[in-house]
Amino acid sequence: MRKQVEGKRAGRRPRRSFTASFKREVVALVRQGDRTLPAICREMDLSETAVRRWVEQAEVDAGEKDGLTTEEREELRRLRRENRILRDERDILKRAATFFAMETR
């Protein structure tokens, strides 16, 4: 059994966010190849999974690998949000039209 600490799992740290420039620096360190990825992650107190994702996304952005670029991901996120808002607005208008149709009868 794992030890519980104040209702949270032991050893779990809070989610952190990093700037794009910091991520670029870490990716550059990994690409230099002077040190291994696990060594860099230990030095900078980062998870290997996150750094591997950053490196993979940098490869996609550079056109070295297939996938959605960072700009495409941001656009997709924006369009999905806009689509959700438009759907909600449409549903509200449908309900309003139904309500007013019932009132006129």
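Residues numbered from 1 in each chain as written. Predicted model: local features only at pLDDT ≥ 70, side-chain atom pairs only at ≥ 80, totals over all residues. Heavy atoms only, no water.

Q: Is there a simple way to explain a positive patch on the surface in this structure?
A: Together, Arg73, Arg77, Arg81, Arg84 and Arg87 give the surface a local cluster of positive charge. Looking at where arginine 77 falls in the secondary structure, it is placed in helix H4 (residues 70–104). (Patch = residues over 30% accessible without salt bridge, like charges linked within 9 Å, V, L, I, M, F, W, Y side chains within 5 Å. Areas by Shrake-Rupley, 256 points an atom, 1.4 Å probe, with all protein chains shown as cover. Salt bridge = Lys/Arg side-chain N within 4 Å of Asp/Glu carboxyl O. Lys, Arg positive; Asp, Glu negative; His and termini not counted. Charge placed at Lys NZ, Arg CZ, Asp CG, Glu CD. Helix = DSSP H or I, 4+ residues; strand = E, 2+ residues; numbered from the N terminus.)

Q: Just to check I follow, could you spell out the packing of aromatic side chains for this structure?
A: Remark: the centre distance and the inter-plane angle together describe each pair of aromatic rings, the angle taken between the planes. For the structure on display, the rule yields four aromatic pairs. Residues phenylalanine 18 and tryptophan 54 carry aromatic rings whose centres are separated by 5.4 Å and whose planes lie at 70 degrees to one another, so their mutual orientation is edge-to-face. Remark: tryptophan 54 occurs in helix H3 (residues 48–61) and phenylalanine 18 occurs in the loop between strand S2 (8–9) and helix H1 (20–32); sequence separation between them is 36 residues. Both rings, one in phenylalanine 22 and one in tryptophan 54, keep their centres 6.3 Å apart while their planes meet at 85 degrees; by these two values the pair is edge-to-face. One end of the pair, phenylalanine 22, is in helix H1; the other, tryptophan 54, is in helix H3, with 32 residues separating them in the sequence. (Phe/Tyr/Trp six-rings, centres within 6.5 Å; stacked < 30°, edge-to-face > 60°.)

Q: What is the right way to read the side chain of threonine 69 from this model?
A: Checked against the element boundaries, threonine 69 lands in the loop between H3 and H4. The residues touching threonine 69, leaving out its near neighbours within four places in the chain, are Gln57, Val60 and Asp61. (Contact = heavy atoms within 4.5 Å.)

Q: Explain the layout of surface pockets here, please?
A: If a probe as big as a water molecule is rolled over the atoms, it shows which places are left empty. Each pocket or cavity is described by its volume, and for the largest pocket that value is around 590 Å³. Around the largest pocket, the lining comprises 16 residues; the ones closest to its centre are Lys23, Trp54, Gln57, Asp61 and Thr70. Elements with a contribution of two residues or more to the lining of the largest pocket: H1, H3 and H4. The dominant element in the lining of the largest pocket, judged by the number of residues it contributes, is H4, at six residues. Of the residues in the lining of the largest pocket, the class split is six nonpolar, two polar and eight charged. Arg15, Arg16, Ser47, Ala50 and Arg53 are, among the 14 residues lining the second largest pocket, the residues nearest its centre. With four residues, H3 is the single largest residue contributor to the lining of the second largest pocket. By residue class, the composition of the lining of the second largest pocket is five nonpolar, three polar and six charged. (1 Å grid on protein atoms, 1.4 Å probe; cavity = no way out; pocket = protein on both sides within 12 Å on 5 of 7 lines; lining within 4 Å. Points joined across faces, edges and corners; volume = space filled by probe spheres on them. Nonpolar A, V, L, I, M, F, W, Y, C, P; charged D, E, K, R; others polar.)

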